[in-house]
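Next come the chains, spelled out residue by residue.
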Amino acid sequence: MERIVRSDAEWQAILTPEQYAVARKQDTEPPFTGKYHNCHEYGMYLCLLRHGPFLSGDKFDSGTGWPSLPPPSPPQYPDRPRLSHGMERTEVLCPCGAHLGHVFDDGPLPAGKRYCMNSAALSFCRVPVKNCPE
């Protein structure tokens, strides 16, 4: 998948203000406010631009206030160190370039990773999964 290149004005015309702030400007939505924080339906979480997926059956409650998922299999999301909010964290990026959230080393075994995602950067495709985009 190639990185999607658009001007800020084009992104702002396509995305809601919250989606733009999170996905394009690396903002973070407040905890416990995202529309997928308490979603328990089965399906696939995708980048809001419809790339992905993370399977929702693997989603777990980390108590942090954001959707928490184990690493996708196969791995497909690049990450990079980033200093923000006074701490160094590992940012999770969609291959298209959208900021999705951060990954932490306190997730369930065997991987031990917790992908802490922003609902504003995600879309959700309910079952049947076969109808979701690849």
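Residues numbered from 1 in each chain as written. Predicted model: local features only at pLDDT ≥ 70, side-chain atom pairs only at ≥ 80, totals over all residues. Heavy atoms only, no water.

**Regarding the overall build of the chain**
Then comes step 1: When helices and strands are tallied, the chain shows 2 helices and 8 strands.
Then comes step 2: The order of α-helices and β-strands along the chain, N terminus first, is α-α-β-β-β-β-β-β-β-β.
Then comes step 3: Every one of the 134 residues in the chain was classed for burial, and the buried ones make up 45%.
Then comes step 4: Within the chain, residue pairs in contact and separated by at least 24 positions form 54% of the contacts whose partners lie at least 6 positions apart.
Then comes step 5: For the chain, the exposed area adds up to about 7400 Å²; of that, 53% sits on carbon and sulfur atoms. (Helix = DSSP H or I, 4+ residues; strand = E, 2+ residues; numbered from the N terminus. Buried < 20%, exposed > 50% of the residue type's maximum accessible area, 1.4 Å probe, protein only. Contact = heavy atoms within 4.5 Å. Areas by Shrake-Rupley, 256 points an atom, 1.4 Å probe, with all protein chains shown as cover.)

**A look at the nonpolar core**
Then comes step 1: Within the largest apolar cluster, 25 residues are counted, with the highest numbers of intra-cluster contacts made by Y45, C47, L49, A98, L100, Y115 and M117.
Then comes step 2: Within the residue set of this core, elements represented by two or more residues are α2 (17-24), β1 (43-47), β6 (99-104), β7 (114-117) and β8 (122-126).
Then comes step 3: Take this core: its biggest share by element is 3 residues, from α2.
Then comes step 4: C47 has contacts with C94, C96, A98, L100, A121, L122 and S123, leaving out every residue within four places of it along the chain. (Core = buried A, V, L, I, M, F, W, Y, C linked by side-chain atoms within 4.5 Å.)

**Digging into the sheet that holds β8**
Then comes step 1: Ordered in space as β2-β1-β8, the 3 strands form an open sheet in which the pairing is antiparallel. The strands lining the two open edges of the sheet, one partner per strand, are β2 (54-55) and β8. (Pairing = 2+ DSSP bridges.)

**Some points on the confidence of the model for the chain**
Then comes step 1: Here the chain averages 83 in pLDDT, while 81% of its residues score no lower than 70.
Then comes step 2: Here strand β4 (residues 79-84) is the element of the chain with the lowest mean pLDDT, 67, and α2 is the one with the highest, 95. (pLDDT = per-residue confidence, 0-100.)

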